[in-house]
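Inside the fold
Residues per chain, in single letters:
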Amino acid sequence: MVHLTGEEKSAVAALWGKVNVEEVGGEALGRLLVVYPWTQRFFESFGDLSTADAVMKNPNVKKHGQKVLASFSEGLKHLDDLKGTFAALSELHCDKLHVDPENFRLLGNVLVVVLARHFGKEFTPELQSAYQKVVAGVATALAHKYH
Amino acid sequence: MLKRRVPLNPHENVQIQHSTPKNTLAYRGKPPLALLLVVYPWTQRFFDSFGNLSSPSAIMGNPKVKAHGKKVLTSFGDAVKNMDNLKGAFAKLSELHCDKLHVDPENFRLLGNVMVIILASHFGREFTPELQAAWQKLVAGVATALAHKYH
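A quick note: this is a predicted structure, and the numbers were derived from the prediction, not measured. (Residues numbered from 1 in each chain as written. Chains lettered and ligands numbered in written order. Predicted model: local features only at pLDDT ≥ 70, side-chain atom pairs only at ≥ 80, totals over all residues. Heavy atoms only, no water.)

1. Re the overall build of chain B
Regarding its fold elements, chain B presents eight helices and zero strands. In sequence order, chain B lays out its α and β elements as α-α-α-α-α-α-α-α. What you see for chain B is a C-alpha radius of gyration of 15 Å, in line with the 15 Å of a compact globule of 151 residues. With the C-alpha coordinates aligned to their principal axes, the bounding extent of chain B is approximately 45 × 40 × 25 Å. The burial tally for chain B puts 52% of its 151 residues in the buried class. Excluding contacts between residues fewer than 6 apart, the proportion of contacts in chain B whose partners are at least 24 apart in sequence is 73%. In the form shown here, chain B has an accessible surface area of approximately 7800 Å², with 58% of it arising from carbon and sulfur atoms. (Helix = DSSP H or I, 4+ residues; strand = E, 2+ residues; numbered from the N terminus. Rg over C-alpha atoms; globule rule 2.2 N^0.38 Å. Buried < 20%, exposed > 50% of the residue type's maximum accessible area, 1.4 Å probe, protein only. Contact = heavy atoms within 4.5 Å. Areas by Shrake-Rupley, 256 points an atom, 1.4 Å probe, with all protein chains shown as cover.)

2. Brief notes about the overall build of chain A
In terms of helices and strands, chain A carries eight helices and zero strands. In summary, chain A has a C-alpha radius of gyration of 15 Å against a globular reference of 15 Å for 147 residues, a match within 12%. Reported as C-alpha extents along the three principal axes, the dimensions of chain A are approximately 45 × 40 × 20 Å. Long-range pairs, those at least 24 residues apart, make up 73% of the contacts in chain A between residues at least 6 apart in sequence. Working note: accessible area of chain A is about 7100 Å², and carbon and sulfur atoms make up 55% of it. Where the 16 positive side-chain charges of chain A centre and where its 17 negative ones centre are 2 Å apart. (Lys, Arg positive; Asp, Glu negative; His and termini not counted. Charge placed at Lys NZ, Arg CZ, Asp CG, Glu CD.)

3. Observations regarding helix H2 (residues 21-35) of chain A
Every α-helix winds through 3.6 residues per turn, so residues three or four apart in the chain are directed the same way. Taking 1.5 Å per residue, 15 residues should reach 21 Å; H2 of chain A reaches 20 Å between its end C-alpha atoms and fits that length. Along H2 of chain A, twelve of the 15 residues are buried, which leaves the element largely enclosed by surrounding structure. All buried positions along H2 of chain A are accounted for by Val24, Gly25, Gly26, Glu27, Ala28, Leu29, Gly30, Arg31, Leu32, Leu33, Val34 and Val35 of chain A. Where H2 of chain A is buried, its residues contact helix H3 (52-57), helix H4 (59-76) and helix H7 (102-119) of chain A together with helix H8 (129-147) of chain B. (Expected span 1.5 Å × (residues − 1).)

4. Considerations on the UniProt feature "domain: Globin" (unreviewed entry) in chain A
This chain's UniProt record puts "domain: Globin" (unreviewed entry) on residues 3-147 of chain A. Taken end to end, residues 3-147 of chain A has its terminal C-alpha atoms 25 Å apart, with 70% of it in helix and 0% in strand. (UniProt positions renumbered as here; feature names shortened; annotations may be inferred.)

5. Remarks on the nonpolar core
Counting 95 residues, the largest nonpolar core has Phe72 and Phe123 of chain A together with Phe127, Trp135 and Leu138 of chain B as the members making the most contacts within it. If you tally residues by element for this core, the top one is helix H7 (residues 106-123) of chain B, at eleven residues. Discounting residues that sit within four places of it in the chain, Phe72 of chain A has contacts with Trp16, Phe86, Leu111, Val134, Val135 and Val138 of chain A. (Core = buried A, V, L, I, M, F, W, Y, C linked by side-chain atoms within 4.5 Å.)

6. Structural notes on the interface of chain B and chain A
Many analyses report the size of an interface as the accessible area lost when the parts associate. Contacts between the two partners involve 24 residues from chain B and, on the opposite side, 23 residues from chain A. Between chain B and chain A we count zero salt bridges in total. Our enumeration of links across chain B and chain A arrives at seven residue pairs in polar contact (both at pLDDT 80 or more). Considering every element that reaches the side of chain B that touches chain A, the biggest residue donor is H7 of chain B, with six residues. A breakdown of the residues in the side of chain B that touches chain A according to their chemical character gives 14 nonpolar, six polar and four charged. (Salt bridge = Lys/Arg side-chain N within 4 Å of Asp/Glu carboxyl O. Polar contact = N/O pair within 3.5 Å; in protein donor to acceptor, adjacent residues only side chain to side chain. Nonpolar A, V, L, I, M, F, W, Y, C, P; charged D, E, K, R; others polar.)

7. Details of H7 of chain A
All names here are of chain A. Over its 18 residues, H7 extends 26 Å from the first C-alpha to the last, a length consistent with the 26 Å expected when each residue adds 1.5 Å. Across the 18 residues that make up H7, a large majority, 14, are buried. Gly120 occupies a position one or two residues after H7 and carries a positive phi of about 55°.

The structure is reproduced here in structure tokens:
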């Protein structure tokens, strides 16, 4: 569970309302693959990931990024039960995809960077603080079913 | 814990050096140390003597936080000039943070992440994936160097 005050929850939702989920998803996943290149190992079937430009323009990356962010959006509606919301995805990432949970934290951090980039001054310290809590909560929830 | 021992390649080095002069403006608007104390409130424990840290605006406006933040940034500036020998450059500070200040090295990584976020919010479009990658490597390198003398 993520401990956000009522004010933080409203602020998070208000900002998220302005997010172009499709665009931001592709950007966040793309930046993960560029900034932390070892994460590319999970996406070997995605085609050309040979340069930063290739990654950011890769249609499979964009599409998968959208999927990931749509899940995250869903999580935002269930901040009081992130573990429940992400239970199935947690099992999938452990049992089938074999993704080290540290990568969820990295993606969370990249998402915060992307939000900061898009919103500039509007991304206040309070919003940064709230979003940092949310992404940490999501990362923990995704790791919860690991064994 | 992920250790980024890969040094910056020449292209990344150039990107960092090129973007550094403009960073002062970014950090003036959002002082990294102050932001660390807001976003990760447990870090305030190292600054109990700094006065009013009771709210984000109190922290962001606190003169002791600002002054200490400048000190931290100056050190970081030294890092940018010594990217080939971060461990050497930060050896003394590493000992200080371990032996006297007792700071968990994880906090160095958090501060590094905060600095990257500040740059992203300031530079917007200009904060390309490559620039982000270069800065992320540098802050990771600094964090590792600061943890190097821990025992």
